[in-house]
Amino acid sequence: MALHGQGGMEEPVEEPEDFRQGDVSISPAIEVPDAGPGVETPAEPLLLPWDRFSAWLHCICVVGFDLELGQAVEVIYPHHSKLTDKEKTSICYLSFPDSNSGCLGDTQFCFRFRQASGRKSSLGCFLDQFDRDAPLCLKRDQGYYYGYVYFRQVRDKSLKRGYFQKSLVLISKLPYVTFFHSLLKLVAPEYFEKQEPCLEAACNDIDRWPTPYPGKILMLPIMGVVMKIRIPACYDKPGMSQLVQSSENDNLVSVVLPTIHEVDLFRCFSPVFFHIQMLWELVLLGEALVVMAPSPAESSDTVLALVSCISPLRYCSDFRPYFTIHDSEFKEYTTRTQAPPSVILGVTNPFFAKTLQHWPHIIRIGDMKQAGEVTKQMKVKKLKNLKTLDSKPGVYSSYKPFLNRDEEIIKQLQRGVQQKRPSAAQNAILRRHFLELTQSFIIPLERYVASLMPLQKSISPWKSPPQLRPFSQDEFMKTLEKAGPQLTSRLKGDWIGLYRQFLKSPNFDGWFRNRRKEMTQKLEALHLEALCDEDLQLRIQKHTEVETVDLVLKLKDKLTQAEREQLPVKAGTLARLRAHIETVILSLPEDLQGILLKSSSP
């Protein structure tokens, strides 16, 4: 490999009028505040050149085909961006479709690969602010990058191979698949026509964007047009996409995106339409799944649809929307010496039909139907019948679902096909179905975990915050008889068995770790607020000088913790705590005041 150079919508969104470069002057990027909950938003720090770009993208790569070297990274922008040799190799192989895919023209897809270990971002604390307010499914992937690809392959007799083949790839930590694909549609055709100056201009545009703060409406100028988006926030009501509102600036807007990350579930699941209930269970339980598809676009869309079908739960295992035999994890994921790992792979190479034959669940999809079409009903096929990638489309598995199939949703969507219901509406119905199913499953867990929280009256400002009670599987199972999913779901089946299996899965582990962290931070926040409500001046009158100094040091530790962990305290709490610290310090002798005030300074 060579390196050249350095380095679910219910409402339709109206198509904006054509925007022509030169009609108006494009103002700098705008961010419009959106009303959020009553927690203070930290002020944005002073940003250096390329910090804003880095909040959105790690870099932009151009991958071409060299007759002698094969796929090669030709350009990396900005030039100072760093990628290890292993990361460059991954990008090279994942940026081109397999030769058997036969992708002529322009193709868009995405992939995901491991970040080299040991690398730290200089923007770490700054970017953590965005993650705090982002929904679980949109938080940054700590150990992975996403690659968003615009691949062009056209006949060119002037080239030895007879084809022009090149990919423009956006490398990012953000899972905003719809947004980045829309961005590529604007940038890539211009790049293929005007080459590198176009990339430089695009990078400079992106470095003037506001940072991707959840809950804000953002106006993003790029290549002479303006994109208008809203990044979802954790306080949004699940399933209620907040469409961006019209404003006086909309005469500049050329692209309005109702969603930045959702794929079309109905189109993706149409080849396996009758098995959506079973697929939901397999994803929920973190089962090893492989999607065999004819192209990287269909492979990546289907894997992303599977991962998102358990939203608002975050899928906590590994997933690869497009996976090749050159991937660095190929041997790890295809070995027969141990059980297949908890991972979802999307593949297109026929070689995988043989290599992954031992995997327990295989989804084989043919060419995706046109919007509005669904396949005829097919039974789940036995794995031994899967001989090659040319095998008939369907689901190959010996898995027996815990829950009965929901015939109602299937009839509803079939009626939609017959009545030629718009694809966006079909997608919204299916997304709502998955959301309600996941919520029915998770509400009993949420209710039980909330009961592990100590009572607020047990929080004393002069004792350590109380601990959460441990999670007891038996205790939880007993709650299901009276407060189980039957309260919110019409589905019958072995819910108890499904919960038992889920409690062993990576998805439960990830969910519970997150909930425990949130609840522990809530206890710390309540403890801090209780401290702020105390009359410290009255208390220190009974203290010795040593005890007062000790109190100052402990209060400073609490303040540092609150700032570092961004504890969910009420607005104004940290300012009150700083005032308390200063008041206590001023009650001490001058020599100690000087030392303690000095240590408070940055």
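Residues numbered from 1 in each chain as written. Predicted model: local features only at pLDDT ≥ 70, side-chain atom pairs only at ≥ 80, totals over all residues. Heavy atoms only, no water.

(A) Just the overall build of the chain, in detail. Regarding its fold elements, the chain presents 19 helices and 14 strands. Taking all 602 residues of the chain together, the buried fraction comes to 51%. Accessible surface for the chain amounts to roughly 29300 Å². Of this, 51% is attributable to carbon and sulfur atoms. (Helix = DSSP H or I, 4+ residues; strand = E, 2+ residues; numbered from the N terminus. Buried < 20%, exposed > 50% of the residue type's maximum accessible area, 1.4 Å probe, protein only. Areas by Shrake-Rupley, 256 points an atom, 1.4 Å probe, with all protein chains shown as cover.)

(B) Spotlight on the side chain of arginine 152. Looking at the secondary structure, you find arginine 152 in strand β5 (residues 144–155). There is a polar contact of 2.8 Å between the side chain of arginine 152 and the side chain of aspartate 106. For arginine 152, the contacting residues outside a window of four places in its chain are Gly105, Asp106, Phe164, Gln165, Lys166, Pro189 and Phe192. (Polar contact = N/O pair within 3.5 Å; in protein donor to acceptor, adjacent residues only side chain to side chain. Contact = heavy atoms within 4.5 Å.)

(C) Structural detail: unusual backbone geometry. Cis geometry marks the peptide bond from tyrosine 77 to proline 78; its omega dihedral reads -10°. Tracing the backbone through its elements, the reader meets proline 78 in the loop between β3 (70–77) and α2 (85–94). A cis amide bond links serine 311 with the next residue in sequence, proline 312, at an omega value of 15°. Relative to the assigned elements, proline 312 resides in the loop between α8 (296–308) and β11 (318–320). One non-glycine residue with positive phi stands out, namely glutamine 195, at about 65°. Turning to its location among the elements, glutamine 195 is positioned in the loop between α4 (177–194) and α5 (196–206). Notably, lysine 420 is not glycine yet its phi reads approximately 55°, a positive angle. Take lysine 420: it is sitting in the loop between α11 (407–418) and α12 (423–450).

(D) View of the sheet that holds strand β2 (residues 59–66). With antiparallel pairing, the 5 strands of this open sheet are ordered in space as β3-β2-β6-β5-β4. Of all the strands in the sheet, just β3 and β4 (105–114) have a single pairing partner and so form its edges. Geometrically, the sheet is characterised by an average inter-axis angle of 25° between neighbouring strands, direction not taken into account. Note: β5 against strand β6 (residues 163–172), 10 bridges, orientation antiparallel. In the strand pairing of β6, glycine 147 is matched with isoleucine 171. Across the sheet, α5 touches β2, β3 and β6, and the angle it forms with β3 is around 50°. (Pairing = 2+ DSSP bridges. Axes fitted to C-alpha atoms, helices over the stretch in contact; angles between N-to-C directions.)

(E) Highlighting the packing of aromatic side chains. Following the criterion strictly, the structure yields 38 aromatic pairs and no others. Taken together, a centroid distance of 5.8 Å and an interplanar angle of 70° make the contact between phenylalanine 330 and phenylalanine 352 edge-to-face. Separated by 22 residues along the polypeptide, phenylalanine 330 in helix α9 (residues 330–334) and phenylalanine 352 in helix α10 (residues 351–355) bring together distant segments of the chain. Among the aromatic residues, those joined into a cluster by ring pairs are Trp280, Phe441, Tyr448, Phe471, Phe476, Tyr499, Phe502, Phe508, Trp511 and Phe512. The ring of phenylalanine 319 carries the charged tip of arginine 112 above its face, separated from the ring centre by 4.1 Å. Of note, lysine 216 hangs over the ring of tyrosine 213, and the distance from its end group to the ring centre comes to 5.0 Å. (Phe/Tyr/Trp six-rings, centres within 6.5 Å; stacked < 30°, edge-to-face > 60°. Lys NZ or Arg CZ within 6 Å of the ring centre and 35° of its normal.)

(F) The arrangement of the nonpolar core in detail. Among the nonpolar cores identified, the biggest contains 106 residues, and Trp56, Phe179, Leu183, Ile222, Phe269, Trp280 and Leu445 are the most heavily contacted of them. Each of two domains, domain 1 (51–237 + 251–257) and domain 2 (265–513), supplies a minimum of three residues to this core. If near-sequence neighbours (up to four positions away) are discounted, isoleucine 222 is found in contact with Leu183, Leu186, Val187, Ala202, Asp205, Ile206, Trp209 and Met227. Grouped together as the second largest cluster of nonpolar side chains are 22 residues, Leu531, Leu551, Leu559 and Leu592 included. (Core = buried A, V, L, I, M, F, W, Y, C linked by side-chain atoms within 4.5 Å. Domains from an automatic or database assignment.)

(G) Molecular detail of the side chain of threonine 259. Along the chain, threonine 259 falls in the loop between β9 (255–256) and α6 (265–269). Taking relative accessible area as the criterion, threonine 259 reaches 13% and is therefore assigned buried.

(H) Summary view of the sheet that holds strand β12 (residues 343–347). Across the sheet, 5 strands lie side by side as β11-β12-β10-β13-β14; this open sheet has mixed pairing. Whereas interior strands pair on both sides, the edge strands pair on one side only; in this sheet they are β11 and β14 (394–397). Here the average twist between neighbouring strands, direction ignored, is 15°. Examined bridge by bridge, strand β13 (residues 361–364) and β14 share 4 bridges and lie antiparallel to one another. Within the sheet, the bridge partner assigned to arginine 364 lies in β14 and is glycine 394. The sheet contacts of helix α7 (residues 276–284) involve β10 (289–292), β12, β13 and β14, and relative to β14 the element is tilted by about 50°.

(I) Examining helix α18 (residues 573–586) more closely. An ideal rise of 1.5 Å per residue puts 20 Å on 14 residues; α18 measures up with 20 Å between its terminal C-alpha atoms. Listing the buried residues of α18 in full gives Thr573, Leu574, Leu577, His580, Ile581, Val584 and Ile585. Along the axis of α18, the buried positions cluster into a sector of 130°, meaning they face one direction only. (Expected span 1.5 Å × (residues − 1). Arc of directions from axis to C-beta.)

(J) Summary view of the pattern of salt bridges. In the structure shown here, the tally under the stated rule is 28 salt bridges. We note a salt bridge from aspartate 236 to arginine 230, for which the minimum N-O separation is 2.9 Å. Here aspartate 236 and arginine 230 have matching classes, each one buried. The salt bridge partner of arginine 320 is aspartate 318, with a shortest N-O separation of 3.0 Å. Each member of the pair, arginine 320 together with aspartate 318, is buried. Residues joined by salt bridges that share partners form a network here, namely Arg112, Arg114, Asp141, Arg314, Asp318, Arg320, Asp327, Glu329 and Glu332. (Salt bridge = Lys/Arg side-chain N within 4 Å of Asp/Glu carboxyl O.)

(K) Spatial organisation of the confidence of the model for the chain. Looking at the chain, the pLDDT average stands at 84 and 83% of residues meet or exceed 70. When pLDDT is averaged over each element of the chain, helix α14 (residues 495–502) comes out on top at 97 and strand β1 (residues 30–32) at the bottom at 54. (pLDDT = per-residue confidence, 0-100.)

(L) Structural detail: the packing of α4 against α5. For the pair α4 and α5, the least separation of the axes is 7 Å and the interaxial angle reads 150°. Taken together, the axis directions place α4 and α5 in an arrangement best described as roughly antiparallel. Along the contact surface, α4 presents Leu183, Val187, Glu190, Tyr191 and Lys194, while α5 presents Glu196, Pro197, Cys198, Leu199, Ala202 and Ile206. Here the residues of the contact of α4 with α5 are counted per class, giving 8 nonpolar, no polar and 3 charged. (Parallel < 35°, antiparallel > 145°, perpendicular 65-115°, else oblique. Nonpolar A, V, L, I, M, F, W, Y, C, P; charged D, E, K, R; others polar.)

(M) Highlighting the environment of glutamine 439. Looking at where glutamine 439 falls in the secondary structure, it is placed in helix α12. Residues glutamine 439 and leucine 313, spaced 126 residues apart in sequence, show a C-alpha to C-alpha distance of 8.7 Å. Those residues in contact with glutamine 439 that lie beyond four places of it in its chain are Pro238 and Pro312.

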